[in-house]
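Letter by letter, the chains look like this.
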Amino acid sequence: MRFAYRFSGLLGTVYRRGNLSFTRDGNSLLSPVGNRISLFDLKNNKCETLPLATRLNIVCVGLSPDGSLAILIDEEGAALLVSLIGKCVIHQFYFHKPVHSVSFSPDGKKFVVTKDNLAYLYHAPGKKREFNAFVLDKTYYGPYDETTCIDWTDDSKCFAVGSKDMSTWVFGAERWANLIYYSLGGHKDVIVACFFEENSLDLYTISQDAALCVWQCDTELDGLKPMPPKNAAKEKKAAEDDEELLEEPKGEEIHGKADPSEEETRNKVKYSRVAKYFFNKEGDFNNLTAAAYHKKTHLLVTGFASGVFHLHELPDFNLIHSLSISDQRIASISINCTGDWIAFGCSGLGQLLVWEWQSESYVLKQQGHFNSMVSLAYSPDGQYIITGGEDGKVKVWNTSSSFCFVTFTEHNSGVTAVTFTSTGYVVLSASLDGTVRAFDLHRYRNFRTFTSPRPSQFSCLAVDSSGEIVAAGSQDSFEIFIWSMQSGRLLDVLAGHEGPISSLSFNPMKCVLASASWDKTVKLWDMLDSWRTKETFIINSDVLVVAFRPDGKELAVAALNGQITFWDHDSAVQTGSIEGRHDLQMGRKELDKITAKQAAKGKSFTTLCYSADGQSILAGGLSKFVCIYNVKEQILMKKFEISCNHSLDAMEEYLDRRKMTEFGSMALIDEGGGGDEGVAIPLPGVKRGDMSYRHFKPEIRVTCVRFCPTGRSWAATTTEGLLLYSLDSGLIFDPFELDIDVTPSNIHKTLNQKEYTMAIVMAFKLNEKKLIQEVIEAVPSSEVDVVCSSLPDLYVEKLLEFLASAFETSCHLEFYLIWAHKLLMLHGQKLKTRSVKLLPVIQFLQKSIQRHFEDVSKLCEWNIYNIKYALAISQQRGMKRAAEETPGDEEELDSDSDYLMQEAHKDNLSS
């Protein structure tokens, strides 16, 4: 039960590719992040990643009008039907080919999927209980090239489909007598988007060469006539015969023609082009990449390849404003139901922006690391996580909201290591640019920069428990540099290693620094003895990472041969070892010439971290698995598969034979950029993009793992982003010293008899969170002191842990604070003797109380200011003012108001 960690969040990546969607209320945004989906709550400033994943990267998302269902479709056309209420997968479906777009009808009864040059109309799931949730209704033929976009009329009677063949097709969702299909031309490039006007068949079409066509229809929506019924019995019999021949029922087929005959167009709906507008000025060749239209406000938003977006009012094409928000192409745009907020996704840099166009301000502005993350560190209270990336940025993330709230960009090269000081207000980072920088989290500034006498590339970093001594290891000069945090001066240069320094770690309890190097040694340096080498451990292979246990009594070392060894550093004796090479379970890359089993022989763990209680160790490397080992027993306790995304390389153990040809793997054949992402070559007859563009699959790897000081969660920086795993206590029955008499009814009986201590002990034995909460909240506040004093020592620790978790959700703040205060006051001395074991629980409690303190203190300060202001105004009300005041009088009035504010403050203090 101690290892029941579950995926709880994805930080560091906010958008990859696919379409953004606002929820029905317009306050939340759905964003595809690789093969997962994140829900951004813009009102409450929180982000949640749903605990489900597709096999490959998600390319399109369809959200039902009521906001309860979503269809997620990946690169190969595999779809998941997801409940956004239960946050679970309801149904799986395979479309057999890549899907370009999916859209629900406004009434929620049907949805359209486009793949290749066809449009498929399906009955929407959930309206009736059916065995198969995806039932095909109609198949529409018409476009000659791939379809790109879909839009529905407001009454769900018709829909429009845009295509790469520069045409737009309007189809009837039902068989209307005067509209079965209609083809619209008028463009010279790929159709990016098409939109119906509100309650009308009038249409806007937008192409990639930044041209907008306005189409007017001669018929209203009410003018669509239903098809007269044919011989129903014959049709039914024919349909039954077809179904007997086919394995699954095939929907009705509608074949459209680009140039129908006069007889076919007689008494049918007709479109005429009213206007054509161009977004680009003369001489500009800025490709239009995305568009969105809000029907009620007639607002058109268009995004371009240069990162610029325009806001226009239709149908007059009046420019409201334009703004450059990125250096890369805007991949997706979405507008919320009120038309106030516009969401932009830029896949090149992984940016997600929500813009309020009326106030011209950002509601949300988030961006992950451009390249992969390399390192992470938890703050001492577990509230914040810092990450360093190869893009040279240091980002600080809030674990409760999952948002990045500050980014430091002072480094000129990749960041290799990050850490917090013991206070939690200073962040340190080492970089390949030859600097170690210290950042202040109060003022968000770089207040110290540590450099070496000769330029060196720093590969690792450590800070001692007092936060005064900073050490960094060099990978080119094989030296360790020691600085003072207070003065910023270089104190010492430690030489002795004969290879690059791979890892540094300070002992949490003593003034000892452990350094690991590629020269197959681990050295211990004594800070109190003029930094002399206290001990040297000889390891059988190159040492990659070293870590001290939280109590400082044990040292863990991971080497290149895949072994993790444990050392008692005081006596220089090896206490144990773990052979972890086979547990890594490497995958085979597409271009590997050898099998995964052979490749695993040369692999090893590259990152280590002890758990908060020091009983287990977390290890990760160049694989999709993270392993937790028990240190004492030296056995594997649990293996976590951090990703199932097959869009990443090295995910499968064996190569797919279907991708093997007589010339080798299909992965060797690079088709160039092509389509959307490549740079188009303006030559006649050329369909592909820039052939010098190379597409590559990123390899799955874990670069850093860290346990939260509270022991409730751990984090890993991976190719996909920063993954959080936390204990999910709600779904697990984990009784403690359970007895036959301990039942919920007996607990309630004991509680009614006012035997509170006995009821609490029984509730903890059953270990049901809701029952514990009920019992504790039934204790009167006057009895808390008595109950705390009579509580057995064993249950004090459990009650503290419960209080820490209760602070996060409960509104009874003062009541739980009384409990925490009484427990710590009465049992403080006894708890001090077990401080090392209890440290995670105490830090968890501190994190919960600190978060409430920050929230409440801001509110109180604001209230105090308002009360002072109200008092000052009320005292000023009786004073008369002259009609014309000289500047001197104004100054006197200002001083009077200051005096009144001071007086009000004094009155407030005295009261």
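Calculation rules
Position labels on residues start from 1 in each chain and follow its written sequence. At least 70 in pLDDT is required for a residue's local features to be given in this predicted model, at least 80 for side-chain atom pairs to be given and counted, and no such filter applies to totals for whole chains, interfaces and linings, which use all residues. To obtain the side-chain values, all non-hydrogen atoms of the structure were used and water was disregarded. Each helix is a run of DSSP H or I of at least 4 residues and each strand a run of E of at least 2, with the numbering of both proceeding from the N terminus. Burial here depends on accessible area, computed with a 1.4 Å probe over protein chains only, as a share of the maximum for the residue type. Under 20% is buried, over 50% is exposed, and the range in between is partly exposed. In this description, contact between two residues means that some pair of their heavy atoms is separated by no more than 4.5 Å. Note on pairing: DSSP must find at least two bridges between two strands before they are called paired. Inter-axis angles, ranging from 0 to 180 degrees, are taken between N-to-C directions of lines fitted to C-alpha atoms, where helices are fitted over the stretch in contact. Note on scores: pLDDT gives the predictor's confidence for each residue, bounded by 0 and 100.

Participant: With reference to specific residues and values, describe the environment of Glu814.
Facilitator: Among the structural elements, Glu814 can be located in helix 10 (residues 813–833). For Glu814, a relative accessible area of 61% gives the class exposed. Placed 33 residues apart in sequence, Glu814 and Ser781 show a C-alpha to C-alpha distance of 9.9 Å.

Participant: Account for unusual backbone geometry, with residues named and values stated.
Facilitator: Following Leu314, the chain continues into Pro315 via a peptide bond in cis, with omega recorded as 5°. Turning to its location among the elements, Pro315 is positioned in the loop between strand 25 (308–313) and strand 26 (318–324). Its identity as a non-glycine residue notwithstanding, His96 has a phi of 70°, on the positive side. Inspection of the secondary structure assignment puts His96 in the loop between strand 9 (88–94) and strand 10 (99–104). In this structure, Ala210 is a non-glycine residue whose phi angle is positive, near 65°.

Participant: Describe the environment of Lys603, naming the residues involved and giving the relevant values.
Facilitator: Inspection of the secondary structure puts Lys603 in the loop between helix 4 (596–599) and strand 51 (605–610). Lys603 gets classed as partly exposed once you look at its relative accessible area, which sits at 27%. Taking the C-alpha atoms as reference, Lys603 lies 7.1 Å from Asn561; in sequence the two are 42 residues apart. In this structure, Lys603 is in contact with Leu560, Gly562, Arg581, Leu584 and Met586, ignoring residues within four places of it in sequence.

Participant: Run through the sheet that holds strand 19 (residues 203–207), naming residues and quoting values.
Facilitator: Strands sit in the order 18-19-20-22 across an open sheet of four strands; the sheet is antiparallel. Looking at the sheet topology across the chains shown, the edges are occupied by strand 18 (191–196) and strand 22 (271–278). Direction aside, neighbouring strands of the sheet carry axes that sit 20° apart on average. Pairing analysis gives five bridges linking strand 18 to strand 19, with the strands arranged antiparallel. Bridged to Phe195 within strand 19 is Tyr204.

Participant: Residues and numbers for the confidence of the model for the chain, please.
Facilitator: With 86% of its residues at a pLDDT of 70 or more, the chain has an overall mean of 83. Across the chain, the element-wise mean pLDDT spans from 44 in helix 1 (residues 232–245) up to 95 in strand 27 (residues 332–335). Confidence drops under a pLDDT of 50 for residues 672–682, and excluding neighbours within four residues, the segment shows 19 contacts in the predicted structure. This model gives residues 882–897 a pLDDT under 50, and the stretch forms five contacts once residues within four places in sequence are excluded.

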